[in-house]
Amino acid sequence: MGIRTGAQYMEALKARQPEVWLSGRKVTNVYEDVVFKQPIHEIAKLYDMQHDPSLQDRITHICEETGERVNNAFLVPKKPEHLQARRQVFEEFAKATFGLMGRTPDFLNVVVTSLYSNADFLAKYNPEWAENAKNYYRHVRDNDLFLTHAIINPQNDRSKTSHEQQDTFTHLGAVKETPEGLIVRGAKMLATLSPITDEVIVYSFPGFKPGDERYALAFALPIDTPGLRILCREPMQDGTRSVADHPLASRFEEMDALLVFNDVLVPWDRVFLYNNVEAANLLYPKAGLGQQPSHQTGVRGLIKLQFATDVAIRVADSIGVDVYLNVQNDLGELVQSAESVRALLRVAELEYETLPSGDLVPAYNPIETIRGLLPTFYPRAIEVMQIIGAGGLLMSPTEGDLTNPELAEDMERYYGGREGISGTDRIHLFKLAWDLCGEAFGQRLLQYERYYTGDPIRKKAIFYNNYKKTHSFAMVDEALNVSRIPGANETEELLKR
Ligand SMILES: Cc1cc2nc3c(=O)[nH]c(=O)nc-3n(C[C@H](O)[C@H](O)[C@H](O)COP(=O)(O)OP(=O)(O)OC[C@H]3O[C@@H](n4cnc5c(N)ncnc54)[C@H](O)[C@@H]3O)c2cc1C
Ligand SMILES: Nc1c(O)cccc1C(=O)O
């Protein structure tokens, strides 16, 4: 089939009935549910972009294996232009959502592509796992599927490993093997957008200990597989808030969910890893599951940071406060943050690494540096927006007030900004800013940037340890050697005199 349209994506949603729980009710029709309607629409637009003649060649390509047109997220980069092609789809999808939707289809499609291109890693442990991963990639690519993922154990007792939790099956683990496949039980989080996806892929960040064998798992399933329960967090939008009052929150909310597997059958051909602590711990670093998606997260994160920066600048300008040095200083800092990320991304792509397989990946140090910086750059952008908008952020009336003729004069006189900014302009701008920096929606976006890539502190520690292991420290050695040149100390003595 190759690239789907938005309508085809929505048809697939309508045909499915996953077990979704939301605010104490079982959702009987995901497609028609008010909470999911708008996000479904936003995802459908991305699928339609693949058919837009002005974008198609930028974000899709003809698959060598099938001759069909597929998304660039499925491209295995073999030359620098492929890396650029992949970036183009990340960029276009992120621009269409202002970088606010982190788990658009391109994100996990890169993860699956990475599993495919690193299938040799799996083959070392079990050739069937490698074949399964490769076939799964083809299935996702050729049907243009939208995946969610759940790679984190629920936060029960983080000081204990999976097999040490009070209940054997709190964390997702294998119960038994059957001729058809594995039976799995327990929970995983934090499956963003899961109710409106086609399939789920489950694997883990490293951290397994001996004894955790049953939890060392990786597999994929259709989202409506019997026994798979999706427990949504409280929605931030009820689907009825207007686009005028909440221009971002009403459109881009990504539902997060806990997945509970109640003795779910995973067919053997969907198992990518099982019962092997070493393989599970090495999967993320050795199968490119960090370095390849980080290209998508870097591009998307940059666009989100640029958007927040631009909103902060427009807020400051609208009320004439960017004539002040302190405000210019804060806004200059945000622009420099965004420029730093933009430069790092460029370096990561230009100084790409070539793997032994011949595949190209963005350079590790700069791409990983982006991941280390975004968890502080983005919250800072939001803080600056709050500081500059100050009390005005809490003064916005509603669309109802704006459209009531009796209030029209007040709206223009008291809500207008500096000369040239009407009351209506300023109200709309401040509502946009409040969605980002005040609403629960905006707080989730901030939490996302802090944690989407795992614990930022442990991630930075891993980065440092890698750096230390691979860096030569030649300058320090050179400086030490010079000071040991015979007679060097005598020269110093002479110079002192
Ligand atoms: C909005 C959002 C969307 C997300 N979407 C997804 C998704 O779609 N799929 C998915 O799988 N995951 C998703 N994640 C989950 C994300 O991967 C995790 O939040 C992240 O890995 C951190 O894990 P945790 O939340 O369990 O925090 P924890 O690991 O429980 O950490 C909690 C705190 O304890 C500290 N801590 C915990 N353990 C240690 C330790 N061993 N050493 C030192 N300090 C420790 C941490 O520093 C942190 O401050 C999402 C997260 C967010 C916030
Ligand atoms: N955050 C990630 C995720 O959820 C899956 C795969 C990779 C990452 C990452 O940031 O490296």
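Residues numbered from 1 in each chain as written. Chains lettered and ligands numbered in written order. Predicted model: local features only at pLDDT ≥ 70, side-chain atom pairs only at ≥ 80, totals over all residues. Heavy atoms only, no water.

## Thoughts on unusual backbone geometry
Leaving glycine out, the prevailing phi sign among residues is negative, and the prevailing peptide bond configuration is trans. Note the following rule: Elements are defined by DSSP. Helices are runs of H or I of four residues or more, strands are runs of E of two residues or more, and each kind is numbered from the N terminus. Only protein chains enter the calculation, and the probe is 1.4 Å; a residue is then buried if its accessible area is under 20% of its type maximum, exposed if over 50%, and partly exposed in between.
The amide bond that connects M189 to the next residue, L190, takes the cis arrangement and shows omega of 5 degrees. Within the secondary structure layout, L190 lies in the loop between β7 (181–188) and β8 (199–202). For L193, which is not glycine, the phi dihedral falls at a positive 65 degrees. As for its placement among the helices and strands, L193 is situated in the loop between β7 and β8. One non-glycine residue with positive phi stands out, namely D263, at about 50 degrees. Summarising the element assignment, D263 is placed in strand β11 (residues 257–267). What makes D263 partly exposed here is its relative accessible area of 40%.

## Quick word on the pairing of strand β1 (residues 19–22)
Stated formally: Pairing between two strands is assigned when DSSP locates at least 2 bridges connecting them.
Side chains of β1 alternate between two faces, with V20 and L22 buried and E19 and W21 left unburied. Both β1 and strand β10 (residues 228–232) contribute to a ladder of three bridges, which runs parallel. Counterpart to E19 in the pairing with β10 is R229. For β1 and strand β2 (residues 25–27), the ladder comprises three bridges, and the chain directions are antiparallel. Bridge assignment links V20 to a residue of β2, and that residue is V27. Connecting β1 to the next strand, β2, in antiparallel fashion are two residues, including S23 with a positive phi near 50 degrees.

## Some words on the site of ligand 1
Rules: Neighbouring residues are identified by heavy atoms, a residue being near a molecule or strand if any of them is within 4 Å of it. The term polar contact refers here to a pair of N or O atoms within 3.5 Å; inside protein, the definition further demands a hydrogen-donor-capable atom paired with an acceptor-capable atom, and it admits residues adjacent in sequence only when both atoms are side-chain atoms. For the accessible areas, the method is Shrake-Rupley and the probe is 1.4 Å, while residue cover comes only from the protein chains on display. Classification used: nonpolar for Ala, Val, Leu, Ile, Met, Phe, Trp, Tyr, Cys and Pro, charged for Asp, Glu, Lys and Arg, polar for all others including Gly.
In the region of ligand 1, 19 residues are neighbours, and I151, R158, L190, T192 and D455 sit closest. Note that an oxygen atom of ligand 1 is positioned 2.8 Å from one of the side-chain N or O atoms of Q155. In the model, an oxygen atom of ligand 1 is placed 2.7 Å from a nitrogen or oxygen of the D455 side chain. When ligand 1 is considered free in solution it has 960 Å² of accessible area, and contact with the protein chains removes 74% of it. Residues belonging to the shell around ligand 1 are distributed by class as follows: eight nonpolar, five polar and six charged.

## So, the packing of aromatic side chains
Which entries qualify depends on this criterion: Ring pairs are drawn from Phe, Tyr and Trp, using the six-membered ring of Trp, whenever the two centres fall within 6.5 Å, and their geometry is named by plane angle: stacked under 30 degrees, edge-to-face over 60, tilted for the rest.
All told, the structure shown has 13 aromatic pairs when counted by the stated rule. An angle of 25 degrees between the planes, with centres 5.3 Å apart, marks the rings of Y9 and Y47 as stacked. Taken together, the residues Y9 in helix α1 (residues 6–14) and Y47 in helix α2 (residues 34–49) connect sequence positions 38 residues apart. For Y9, a relative accessible area of 0% translates into the label buried. Taking 5.9 Å as the distance between ring centres and 85 degrees as the angle between the ring planes, the aromatic pair formed by F98 and F252 counts as edge-to-face.

## Focus: the UniProt feature "domain: HpaB/PvcC/4-BUDH N-terminal" (unreviewed entry) in the protein chain
Convention followed: UniProt positions are given in the numbering used here, feature names are shortened, and annotations may be inferred rather than shown by experiment.
On the UniProt side, "domain: HpaB/PvcC/4-BUDH N-terminal" (unreviewed entry) is annotated at positions that read residues 5–273 here. Between the C-alpha atoms that bound residues 5–273 there is a distance of 33 Å. The span itself is 32% helix and 22% strand.

## Notes on the environment of P39
Rule in force here: A contact between two residues is defined here by any heavy atoms of the two lying within 4.5 Å.
In this structure, P39 sits in helix α2. Spatially, the C-alpha atoms of P39 and F252 are 5.7 Å apart, while their sequence positions differ by 213 residues. If sequence neighbours within four positions are ignored, P39 has contacts with M101, I196, R251 and E253.

## Digging into the site of ligand 2
For ligand 2, the full set of nearby residues is R103, F107, H149, I151, Y203, Y284, L289, G290, R371, Y452 and T453. Here Y284 contributes a side-chain N or O atom positioned 2.4 Å from an oxygen atom of ligand 2. At a separation of 2.7 Å, an oxygen atom of ligand 2 approaches a polar side-chain atom of T453. Look at ligand 2: alone it shows 290 Å² of surface, and the protein chains cover 99% of it. Looking at the shell around ligand 2, its residues break down into six nonpolar, three polar and two charged.

## Focus: the sheet that holds strand β12 (residues 271–274)
Note on sheets: strands pair through backbone hydrogen bonds, and any given pair is parallel or antiparallel. Stated precisely, the cut-off is as follows: The angle between two axes is taken between their N-to-C directions and runs from 0 to 180 degrees, where each axis is a line fitted to C-alpha atoms and a helix contributes only its stretch in contact.
Strand order in the open sheet formed by four strands is β5-β8-β9-β12, and the pairing between neighbours is mixed. Each edge of the open sheet is held by one strand with a lone partner, namely β5 (147–150) and β12. For this sheet, the mean angle separating the axes of adjacent strands, direction not counted, is 20 degrees. By the bridge criterion, four bridges tie β5 to β8 in an arrangement that is parallel. Paired with H149 across the bridge in β8 is I201. Across the sheet, helix α5 (residues 105–117) is in contact with β5, β8 and β12; its angle to β5 comes to roughly 75 degrees.

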